[in-house]
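Each chain, letter by letter, is given below.
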Amino acid sequence: MRFSLLCVSWLVVSTVFSLSCSSSGGRTEPVQRLPEVPAAGGYAAGVSAPFVGRIEGGRIVAAGGCNFPGVPAAQGGSKRFYDDIFVFDPAVGAWQAAGRLPKPLAYGASATMPEGVICAGGTDSAGRAVRDAFLIAGDTVRTLAPLPEAMDNCAGAALDGRFYVAGDTLFCIYDPSADAWQRGAVWPGAERRVQPVLVAQAGRVWLFGGYDPAGPEFVHRGGYGYDPSTGAWEAVAGPEDADGEPLLAAGGAGVAWGEDSILCVGGVNAAVFAAALQRGQAIAADPEHDSLRQAQREYMEREPVWYRFNDRVAVFHPATGRWSLGADRLPQGARAGAGAVVLQRNDGAVSGVVLFNGEIKPGVRTPDVWLWRLSKN
């Protein structure tokens, strides 16, 4: 799925966002491939669910993550977790190894703060959710106070000096000045939100996507905005495709863009994913059902295009609570569990969004790193 995308532009309230396109050989190239991390062994195959963020000098951090480096997941392979930390310097145009995490982790929450990239929660090599929290600042990793409760498959956002983590039915808030956590009020109904998108913008923290593994509808259509000044949540619409199907079902990524918008990409297809979850429930109830087990094996062995991972760019406008979709598609964004972070030049000007690794189908990762060039006109 490596082909160029035509310049995208869409109306955002009274502002136009567009891909800032450069010309190469007469072709429009709004998406630029960045170098892969110089990793040996399993990490070189790409990972899903890493910690990502930005540190001093506009450098990008990517750490941890997991994959199936040996036997493929479709054949019953074992998942491996990593503790590697890599830093990309835009001025140099290369990744460098920058130490290790306290332990191998994936599926945690991370966000950019003035002190560095703050990370919390995740799944360890034994498959357990953890309470760990730490700060990555350059080549150093500092341990922070642990989460009030173990969390994984969660997402993080930073707003006004606080770090917010949401996942499943938990919402926790970290105060760096006190090195302390508190439990925040959970969104209405305390509905389960596994692998959601969490982004801070326009004075609020916005929660979208995610899924409930117990069903019955599995994936969520709507979202919520959290107001730190009142501790209250307000329901808002979630993104939908042209057929009214929810986007960001699970594994999507989002970033704050400018002062008034949120860009979301990636995630699994809601219908395909829900069918797989339903089948999984049926197998759990009847483990000897051969046709169900065969269907599940076939599900894992399809080509990536069959899974219809989301390649639409969804733009949320906090001022109106509405969404718009990019006119064209972003095939490089059709992945789940990718890291997404805004890249800034040394002069502070925004260059675009970096999409780091992720999976292109269940169990299969990609080492690709893309810079999605954007400008605000």
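For the structure, check the block above.
All of the points below concern the structure found in this document. Because the structure is predicted, anything quoted here is derived from the model rather than measured. Here the residue numbering is sequential within each chain, running from 1 through the sequence in written order. Under the rules for a predicted model, residues below a pLDDT of 70 receive no local features and side-chain atom pairs below 80 are neither given nor counted, while totals for whole chains, interfaces and linings still include all residues. Each side-chain value is derived from all of the structure's non-hydrogen atoms; neither hydrogens nor water enter the calculation.

1. What about the overall build of the chain?
Thinking step 1. Counting its secondary structure elements, the chain contains two helices and 33 strands.
Thinking step 2. Restricting the calculation to C-alpha atoms gives the radius of gyration, and the globule rule supplies 2.2 Å times the number of residues raised to the power 0.38. Taking 21 Å as the expected radius of gyration for a compact globule of 377 residues, we find that the chain reaches 19 Å, a close match to that expectation.
Thinking step 3. Expressed along its principal axes, the backbone C-alpha trace of the chain runs to roughly 60 × 55 × 45 Å.
Thinking step 4. Here the contacts in the chain between residues at least 6 apart in sequence split such that 53% fall between residues at least 24 apart.
Thinking step 5. For the chain, the accessible area works out to roughly 15,800 Å², and carbon and sulfur atoms hold 48% of it.
Thinking step 6. If you average the places of the 32 positive and of the 38 negative side-chain charges in the chain, the two averages end up 3 Å apart. Helix and strand definitions follow DSSP, with helices as H or I runs of at least four residues and strands as E runs of at least two, each counted in order from the N terminus. Residue contacts are counted whenever heavy atoms from the two residues lie within 4.5 Å of one another. Per-residue and other accessible areas were derived by the Shrake-Rupley procedure at a 1.4 Å probe size, with only the shown protein chains allowed to occlude residues. Note that His is not counted, nor are the chain ends; the positive residues are Lys and Arg, and the negative ones are Asp and Glu. For the purpose of locating charges, the reference atoms are NZ of Lys, CZ of Arg, CG of Asp and CD of Glu.

2. A word on the sheet that holds strand 17 (residues 162–167)
Thinking step 1. Paired strands, in this sense, are two strands between which DSSP finds at least two bridges. Here we have four strands laid out as an open sheet, ordered 16-17-18-19, and antiparallel in their pairing. Of all the strands in the sheet, just strand 16 (155–159) and strand 19 (180–183) have a single pairing partner and so form its edges. Here the average twist between neighbouring strands, direction ignored, is 25°.
Thinking step 2. Relative to strand 18 (residues 170–175), strand 17 runs antiparallel, the two sharing five bridges. Considered in strand 18, the bridge of Gly167 is made with Leu170. Every angle, taken between N-to-C directions, lies between 0 and 180 degrees, and every axis is a line fitted to C-alpha atoms, over only the stretch in contact when it is a helix.

3. As for the pairing of strand 14 (residues 133–137)
Thinking step 1. Accessible area is worked out with a 1.4 Å probe on protein chains only. A residue is then buried under 20% of its type maximum, exposed over 50%, and partly exposed in between. The buried fraction of strand 14 is high, at four of five residues.
Thinking step 2. Here four bridges tie strand 13 (residues 116–120) to strand 14, and the two strands are oriented antiparallel to one another. By the bridge assignment for strand 14, Cys119 is matched with Phe134.
Thinking step 3. Sheet analysis places strand 14 next to strand 15 (residues 140–143), joined by four bridges and oriented antiparallel. Paired with Ile136 across the bridge in strand 15 is Val141.

4. As for the sheet that holds strand 7 (residues 59–63)
Thinking step 1. Strand order across the open sheet formed by four strands is 6-7-10-11, with antiparallel pairing between neighbours. Each of the sheet's edge strands pairs with one partner strand only, and the pair in question is strand 6 (51–55) and strand 11 (94–100). The sheet shows a mean angle of 25° between the axes of neighbouring strands, taken without regard to direction.
Thinking step 2. Pairing between strand 6 and strand 7: five bridges, direction antiparallel. Across the sheet, residue Gly53 finds its bridge partner in strand 7, namely Val61.

5. A short note on the packing of aromatic side chains
Thinking step 1. By convention, a stacked pair of Phe, Tyr or Trp rings (six-membered ring in the case of Trp) has centres within 6.5 Å and planes under 30 degrees apart, an edge-to-face pair has planes over 60 apart, and any other such pair is tilted. Using the criterion set out here, one finds 24 aromatic pairs in the structure.
Thinking step 2. Arranged with centres 5.1 Å apart and planes meeting at 50°, the rings of Tyr43 and Phe86 form a pair that is tilted. Note that Tyr43 is positioned in the loop between strand 5 (31–34) and strand 6 and Phe86 in strand 10 (residues 84–89), a separation of 43 residues in sequence. Comparing Tyr43 with Phe86 shows no difference in burial state: the two are buried.
Thinking step 3. Note on Tyr224 and Trp233: the rings are 6.4 Å apart at their centroids and 85° apart in plane angle, and the pair reads as edge-to-face.
Thinking step 4. By the ring-pair criterion, three or more aromatic residues cluster together here, those being Tyr164, Phe171, Trp187, Tyr224, Tyr226 and Trp233.

6. Here's the deal with the environment of Ala349
Thinking step 1. For Ala349, the location among the structural elements is in the loop between strand 28 (339–344) and strand 29 (350–356).
Thinking step 2. The exposure class assigned to Ala349 is partly exposed, which follows from its relative accessible area of 26%.
Thinking step 3. If we ignore the near neighbours within four places in the chain, the residues touching Ala349 are Leu343 and Gln344.

7. As for the pairing of strand 18
Taken residue by residue, a regular strand's side chains alternate between the two faces of the sheet.
Thinking step 1. Counting buried positions over the six residues of strand 18 gives six, a clear majority of the element.
Thinking step 2. Of the two faces of strand 18, both are covered, the one formed by Leu170, Cys172 and Tyr174 as well as the one formed by Phe171, Ile173 and Asp175.
Thinking step 3. The hairpin formed by strand 17 and strand 18 contains two residues between the paired strands, and Asp168 there has a positive phi angle of roughly 55°.
Thinking step 4. Bridging between strand 18 and strand 19 involves four bridges; their strand directions are antiparallel.

8. Comments concerning the nonpolar core
Thinking step 1. We define the nonpolar core as a collection of buried residues of types Ala, Val, Leu, Ile, Met, Phe, Trp, Tyr and Cys that are connected through side-chain atoms lying within 4.5 Å of one another. The biggest cluster of nonpolar side chains holds 21 residues, and the ones touching the most others in it are Tyr211, Val219, Val268, Phe273, Tyr299 and Phe309.
Thinking step 2. Put simply, the parts of the chain that give this core at least two residues each are helix 1 (270–285) and helix 2 (290–300).
Thinking step 3. The greatest single-element share of this core, amounting to six residues, is contributed by helix 1.
Thinking step 4. Filtering out sequence-adjacent residues up to four positions away, Tyr211 remains in contact with Arg192, Arg193, Val194, Gln195, Phe218, Val219, His220, Ala249, Ala250, Phe273 and Leu277.

9. With respect to the pattern of salt bridges
Thinking step 1. Salt bridges are defined as contacts in which a side-chain nitrogen from Lys or Arg sits within 4 Å of a carboxyl oxygen from Asp or Glu. Taken as a whole, this structure holds 14 salt bridges when the rule is applied.
Thinking step 2. The structure contains a network of salt bridges with shared partners spanning Asp83, Asp84 and Arg100.

10. Section: the side chain of Ser261
Thinking step 1. Positionally, Ser261 belongs in strand 25 (residues 261–265).
Thinking step 2. According to the relative accessible area criterion, Ser261 is buried, its value standing at 0%.
Thinking step 3. In this structure the side chain of Ser261 is engaged in a polar contact, spanning 3.4 Å, whose partner is the side chain of Asp260. Distance and chemistry together define a polar contact, namely a pair of N or O atoms within 3.5 Å, with one atom able to donate a hydrogen and the other to accept it when in protein, and with adjacent residues in sequence counting only for side-chain atoms on both sides.

11. Side note on the packing of helix 1 against helix 2
Axis angle and axis distance: for two packed helices, these are the angle between their axes and the distance between the axes, and together they describe the pair.
Thinking step 1. The geometry of helix 1 relative to helix 2 is characterised by a closest axis approach of 10 Å and an angle of 145° between their N-to-C directions. Between helix 1 and helix 2 the crossing geometry is left-handed. Together, Val272, Ala276, Arg279, Gly280, Ala282 and Ile283 of helix 1 and Leu292, Arg293, Ala295, Gln296 and Tyr299 of helix 2 make up the contact between the two elements. In this scheme the crossing of two helices becomes right-handed for a clockwise turn of the near helix relative to the far one and left-handed for an anticlockwise turn of less than a right angle.

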